[in-house]
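Spelled out from the first residue to the last, the chains are:
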Amino acid sequence: MGGFRSGLVALAVLAVSPGGTGAGVDTYAAAPSAVGTVPAPSAGVYTPLAPIRICDTRPNNPSHLSGPSAQCTGKTLGAGSTLTVGVAGTDVAGTGAGFGVPAGATAAVLNVTAVDPAGAGYLTVWPAGAPRPTTSNVNYGPGRTVPNLVQVGLGPQGQVSIYASAPIDTAVDLQGYSDTVATRSGPIAGLYDGLASPARICDTRPNNPSHLSGPSAQCTGKTLGAGSTLTVGVAGTDVAGTGAGFGVPAGATAAVIDVTAIHPGTVTYLEAYPGPSRPTASDLNPAAGSVEANLAVITLSPAGTVELYNSAGPVNVAIDVEGYYLAPPANTITTRVGGPPSGEKATAIALSPFGVATDPAGDVFIEDRTNSVVYQVSPTGTDTVAAGGGGDPFRCPGASDLVGDGCRATAAALDLNGGLAPDGVAVDAHGDLLIADTGDNLVRIVAASSCSSSCPYKLTSMTAGDIYTLAGGGPAGLGDGGPATAATLGAPEAIAVDAQGNLLIADTGDNLVRIVAASSCASSCPYTLTSMTGGDIYTLAGGGPAGLGDGGPATAATLGAPEGIAVDAQGN
């Protein structure tokens, strides 16, 4: 397969005649140059979604939105104003599961529509919290409803900002997202493959002016009437009848298509979606008699088809496919932290495993001594993508040190000192991935979700997918009774999490078992400890005088370089 392998690049090209207009395209307002630099979203795996409208600023709520999807109702943009729109981690049903976009997603594909403008202007879309770029995404003129597809990075809180140069209402439809963090739920996604050249797979005009034949002539003569729907085959159908597809193989999860409306009889809108339910979203809003196009990233049905709906008609439509996303095969292996590229079959990887853990979704996490990485094996496919074996602070400007704290886990280093590779791994009740970074004398945590307060183990704040030190790294001395991050560890080789969420550490080099308290207690503390403060570290076993110490307090016993730890059903 040729083409791109690390995300979607979409370019909008405006053809303009010397008089200022092109074929069905008008030029409006002195918008910023479209060649400017927009903050680039992080590379990652793209997950297509069934389109959903997440914002409509019109005051009368014509899209009938509710819950978080009604976040923009009545917020018409004035000239020079900016609107912040939540994309990730917000649920239309209020359940916290998101519009389908998990907290920690790095980018989203949005269809942004300027609705019935009174004058000329432009919209700019960019990650919330970043400086506004000198570019435009949608250029609009009087009375023309204009959409455009935008791939945009998400701000730290999963939001985008929309700037309007002139008064306008806008609607935002969510099509999918990119993520470097394994969500362990939702649709299986893949990387983007661009076709060597775009292929026209549908033209409804009766005289077949595109000269299509075979399966590519599937739409000939099927002009869409008002309220009608057309099913279009995209994947697994070949124009030569050989079964190899238009270049889109069977099993593709989504396709990048260019949809063109040709001389509609009246103002209308078109929706492309996988079916069976029609979404409250639009992909193209052509004016009567115009020829207008828009790029769309559309989830495919299991049969490899899309549904095309026309609101008012009649209208002819042409569809060109530009590329596709293909799900990786089942039982594949993924690097979560550090290391070489992944995405291969799990049985094709040479491993030196020293720690294994599972999460409730059935994912298996393997700590590999050979490559100093943590692999993730999914029962249904790969949820995330490998991103090197980091440790260079220049690759991760947010890192607080050379091991990569504060940056993406896949850009961090494990065993930076080159001594003992990581040995232990665990998953806590929050879904956080915990790692015994043996060679660096640390326990690390990869955040499953972002938090700015009330973080696990009393950490100050975390960003989903980033890595942090949870225990170790302090000055000389064990540090018992103080913050775990101010303590020292001696080449910890195993970790476990008990039912109360406390982290247990086999502190091998110090001949101890340590505990990091998940919460504070003044009495009735686990393991008969006197008291604990959340986030602090204590010795749970070992450190006693000579002799095994059997039958006495665990803290009065002696241990000899413990290398494993586990908790039974009774909490022992």
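Residues numbered from 1 in each chain as written. Predicted model: local features only at pLDDT ≥ 70, side-chain atom pairs only at ≥ 80, totals over all residues. Heavy atoms only, no water.

## Considering the confidence of the model for the chain
Turning to step 1, where the next piece is worked out: On average, residues of the chain score 76 in pLDDT, and 73% of them are at 70 or above.
Turning to step 2, where the next piece is worked out: The least confident element of the chain is strand S1 (residues 21-22), whose mean pLDDT is 26; the most confident is strand S4 (residues 81-86), at 95.
Turning to step 3, where the next piece is worked out: A low-confidence stretch, residues 1-43 (pLDDT under 50), is modelled with 72 contacts involving residues beyond four sequence positions or located in other chains.
Turning to step 4, where the next piece is worked out: Within the model, pLDDT remains below 50 along residues 238-244, and this stretch shows 11 contacts once partners closer than five positions in the same chain are excluded. (pLDDT = per-residue confidence, 0-100. Helix = DSSP H or I, 4+ residues; strand = E, 2+ residues; numbered from the N terminus. Contact = heavy atoms within 4.5 Å.)

## With respect to the pattern of salt bridges
Turning to step 1, where the next piece is worked out: Applying the stated criterion across every chain yields a total of 10 salt bridges.
Turning to step 2, where the next piece is worked out: For Asp-203, the salt bridge is made with Arg-205, and the minimal N-O distance between the two is 2.8 Å.
Turning to step 3, where the next piece is worked out: Its relative accessible area of 0% is what places Asp-203 among the buried residues.
Turning to step 4, where the next piece is worked out: Since its relative accessible area comes to 22%, Arg-205 is described here as partly exposed.
Turning to step 5, where the next piece is worked out: Between Arg-514 and Asp-507 there is a salt bridge, with its nearest N and O atoms 2.8 Å apart. (Salt bridge = Lys/Arg side-chain N within 4 Å of Asp/Glu carboxyl O. Buried < 20%, exposed > 50% of the residue type's maximum accessible area, 1.4 Å probe, protein only.)

## As for the sheet that holds strand S14 (residues 270-273)
Turning to step 1, where the next piece is worked out: The strand order S12-S16-S14 describes an open sheet built from three strands, whose pairing is antiparallel. Edge strands, defined here as strands with exactly one partner in the open sheet, are strand S12 (229-233) and S14. If you compare each strand with its neighbour and ignore which way they point, the axes differ by 20° on average.
Turning to step 2, where the next piece is worked out: In this structure, S14 lies alongside strand S16 (residues 305-310), joined through four bridges in antiparallel fashion. The residue bridging Tyr-273 from the neighbouring strand is Glu-307, located in S16. (Pairing = 2+ DSSP bridges. Axes fitted to C-alpha atoms, helices over the stretch in contact; angles between N-to-C directions.)

## Here's the deal with the pairing of strand S20 (residues 364-368)
Turning to step 1, where the next piece is worked out: Of all the five residues making up S20, four are buried; the element is thus mostly covered by neighbouring parts of the structure.
Turning to step 2, where the next piece is worked out: Strand direction decides the pairing type here: S20 and strand S21 (residues 373-377), joined by five bridges, are antiparallel. Bridge pairing in S21 links Asp-368 to Val-373.

## Digging into the pairing of strand S8 (residues 146-153)
Turning to step 1, where the next piece is worked out: With seven of its eight residues buried, S8 lies for the most part within the structure.
Turning to step 2, where the next piece is worked out: Bridge count between strand S5 (residues 107-115) and S8: eight bridges; the pairing is antiparallel. Note that in S8 the partner of Val-109 across the bridge is Gln-151.

## Considerations on the sheet that holds strand S7 (residues 138-140)
Turning to step 1, where the next piece is worked out: Overall, antiparallel pairing links the four strands, which are arranged S4-S9-S6-S7 in an open sheet. Edge positions in the sheet fall to S4 and S7, since each has one partner strand and no second. Pairs of neighbouring strands in the sheet enclose a mean axial angle of 20°, with direction left out of account.
Turning to step 2, where the next piece is worked out: Sheet topology places strand S6 (residues 121-127) next to S7; three bridges connect them, and they run antiparallel. If you follow Leu-123 over to S7, its bridge partner there is Val-138.

## Side note on the state of the cysteines
A covalent bond between the sulfur atoms of two cysteines is what we call a disulfide.
Turning to step 1, where the next piece is worked out: A full pass over the atoms with the stated rule returns four disulfides.
Turning to step 2, where the next piece is worked out: Residue pairing for Cys-55: its cysteine sulfur links by disulfide to Cys-72, the two sulfurs lying 2.2 Å apart. Disulfide Cys-55-Cys-72: the torsion about the S-S bond is -115°, which places it as left-handed. One end of the pair, Cys-55, is in strand S3 (residues 45-56); the other, Cys-72, is in the loop between S3 and S4, with 17 residues separating them in the sequence. The same class applies to Cys-55 as to Cys-72, namely buried.
Turning to step 3, where the next piece is worked out: In this model Cys-451 forms its disulfide with Cys-455; the gap between the sulfur atoms is 2.0 Å. Linking Cys-451 and Cys-455, the disulfide has an S-S dihedral of approximately 120° and is accordingly described as right-handed.
Turning to step 4, where the next piece is worked out: Using a relative accessible area of 16% as the deciding quantity, one classes Cys-451 as buried. (Disulfide = S-S within 2.5 Å.)

## What to know about unusual backbone geometry
Turning to step 1, where the next piece is worked out: For the bond running from Gly-275 to Pro-276, omega is 0°, close enough to zero to count as cis.
Turning to step 2, where the next piece is worked out: A cis amide bond links Gly-313 with the next residue in sequence, Pro-314, at an omega value of 0°.
Turning to step 3, where the next piece is worked out: When you line up the elements, Pro-314 lands in the loop between S16 and strand S17 (316-326).
Turning to step 4, where the next piece is worked out: One non-glycine residue with positive phi stands out, namely Asn-511, at about 60°.
Turning to step 5, where the next piece is worked out: You can see Asn-511 is positioned in the loop between strand S27 (503-507) and strand S28 (512-516).
Turning to step 6, where the next piece is worked out: Although it is not a glycine, Ser-524 adopts a positive phi angle of roughly 50°.
Turning to step 7, where the next piece is worked out: By the element assignment, Ser-524 lies in the loop between S28 and strand S29 (537-541).

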